[in-house]
Amino acid sequence: MRFYFIKTPRILKHLFAKYTWSFFSGRKEIFLTFDDGPIPEVTEFVLDQLQQFNAKATFFCIGDNILKHPAVFSRIVNEGHSVGNHTFNHLNGWKNSDTAYIENTSKCESLLPRQKTKLFRPPYGKIKRKQAKQLLASGYKIIMWDVLSADFDPTITKKECLKNVLNNTKNGSIIVFHDSIKASEKLYYALPKVLREFSERGYEFKVIN
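Rules and cut-offs
- Residues numbered from 1 in each chain as written.
- Predicted model: local features only at pLDDT ≥ 70, side-chain atom pairs only at ≥ 80, totals over all residues.
- Heavy atoms only, no water.
- Helix = DSSP H or I, 4+ residues; strand = E, 2+ residues; numbered from the N terminus.
- Buried < 20%, exposed > 50% of the residue type's maximum accessible area, 1.4 Å probe, protein only.
- Contact = heavy atoms within 4.5 Å.
- Areas by Shrake-Rupley, 256 points an atom, 1.4 Å probe, with all protein chains shown as cover.
- Lys, Arg positive; Asp, Glu negative; His and termini not counted.
- Charge placed at Lys NZ, Arg CZ, Asp CG, Glu CD.
- Pairing = 2+ DSSP bridges.
- Right-handed = clockwise from strand over helix to strand, strands pointing away.
- Axes fitted to C-alpha atoms, helices over the stretch in contact; angles between N-to-C directions.
- Left-handed = near helix turned anticlockwise from the far one by under 90°.
- Nonpolar A, V, L, I, M, F, W, Y, C, P; charged D, E, K, R; others polar.
- Expected span 1.5 Å × (residues − 1).
- Bend = angle between axes of the 7 residues up to and from the residue.

Asks: Explain the overall build of the protein chain here, please?
Replies: A count of helical and extended segments in the protein chain gives eight helices and eight strands. Along the three orthogonal principal directions, the C-alpha set of the protein chain runs to about 45 × 40 × 35 Å. Out of the 209 residues belonging to the protein chain, those deemed buried represent 53%. For the protein chain, the share of sequence-separated contacts (at least 6 apart) that also reach a separation of at least 24 residues comes to 77%. As displayed, the protein chain has an accessible area near 10,400 Å², and 53% of this comes from carbon and sulfur atoms. For the protein chain, the separation between the mean place of its 32 positive charges and that of its 20 negative charges on side chains is 7 Å.

This is the structure in structure tokens:
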């Protein structure tokens, strides 16, 4: 049984209005995001695809993966993409104390370059109000999403993953993919097709900043 929404319900956006779920835009622009990297083979595939379509994206990186794969992380930054904090160890905010969670986030922050805005995405989308309050107070924007590809879900097909994105994306949507081994089969299938389809429709792929 599925316990997540492909398209984020309006009521959820309203209840957690201090988080960024999407952007109000009259222009043909969408915001691709990738969670859990950098992972050499997967993140490099993503970067190659983005380059082909002159597309920019935002990568929510796990600090431990930045340490393990600094060259891949440098490539993300050098190619003009935004990077965000995804904690050092992919922590579930609901299952960790506020102190441990904030410390883990700070550990990841120390590895990130300075950029216009500090971006944070909670792993699993799970964060306590107090944790969120502390991060917002320290200057972070908490970036959630409008459309979930569900590339992480072993119970759906790669074609369903693609449909999730094609059928629910609109101007200003924030879309979630994962540059992880677990999601790679669906990502390899869906991402090139998403880039091609929306490019042909005249959309720009932009960074979050």
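That covers the picture; the talk isn't over yet.
Asks: How should the pairing of strand S2 (residues 58-61) be read in this particular structure?
Replies: Successive residues of a regular strand alternate their side chains across the two faces of the sheet. Burial along S2 is two-sided: Thr-58 and Phe-60 and Phe-59 and Cys-61, pointing in opposite directions, are all buried. Relative to S2, strand S1 (residues 29-35) runs parallel, the two being bridged by three bridges. Each bridged residue has a counterpart across the sheet, and for Asp-35 the counterpart in S2 is Phe-60. Taken together, S1, helix H2 (residues 40-52) and S2 form a β-α-β motif whose crossover is right-handed. Bridging between S2 and strand S3 (residues 82-85) involves four bridges; their strand directions are parallel. If you follow Phe-59 over to S3, its bridge partner there is Val-83.

Asks: In this structure, what is going on with the packing of helix H7 (residues 158-168) against helix H8 (residues 184-200)? I would like to understand it.
Replies: Packed helix pairs are specified by the crossing angle of their axes together with the interaxial distance, meaning the distance between the axes. Where H7 contacts H8, the two axes come as close as 9 Å, and the packing angle between them is 35°. Both H7 and H8 take part in a crossing whose hand is right-handed. For the pair H7 and H8, the contacting residues are Lys-158, Lys-159, Cys-161, Leu-162, Val-165 and Leu-166 in the first and Lys-186, Tyr-189, Ala-190, Lys-193, Val-194, Glu-197 and Phe-198 in the second. The residue inventory of the contact of H7 with H8, partitioned by class, reads eight nonpolar, no polar and five charged.

Asks: Got a minute to help me understand H8 in this structure?
Replies: Counting along an α-helix, one turn takes 3.6 residues, and residues three or four places apart therefore face a common direction. Between its first and last C-alpha, H8 extends 24 Å over 17 residues, near the 24 Å set by a 1.5 Å rise per residue. Roughly 25° is the biggest bend found in H8, and it falls at Ala-190, with proline Pro-192 one to four residues downstream. For H8, the complete set of buried residues consists of Ser-184, Lys-186, Leu-187, Tyr-189, Ala-190, Leu-191, Pro-192, Val-194, Leu-195 and Phe-198. Turning to H8, the residues buried within the fold contact S1, H2, H7, strand S7 (174-178) and strand S8 (204-205). Among the residues trailing H8, Gly-202 stands out with phi positive, at a value near 90°.

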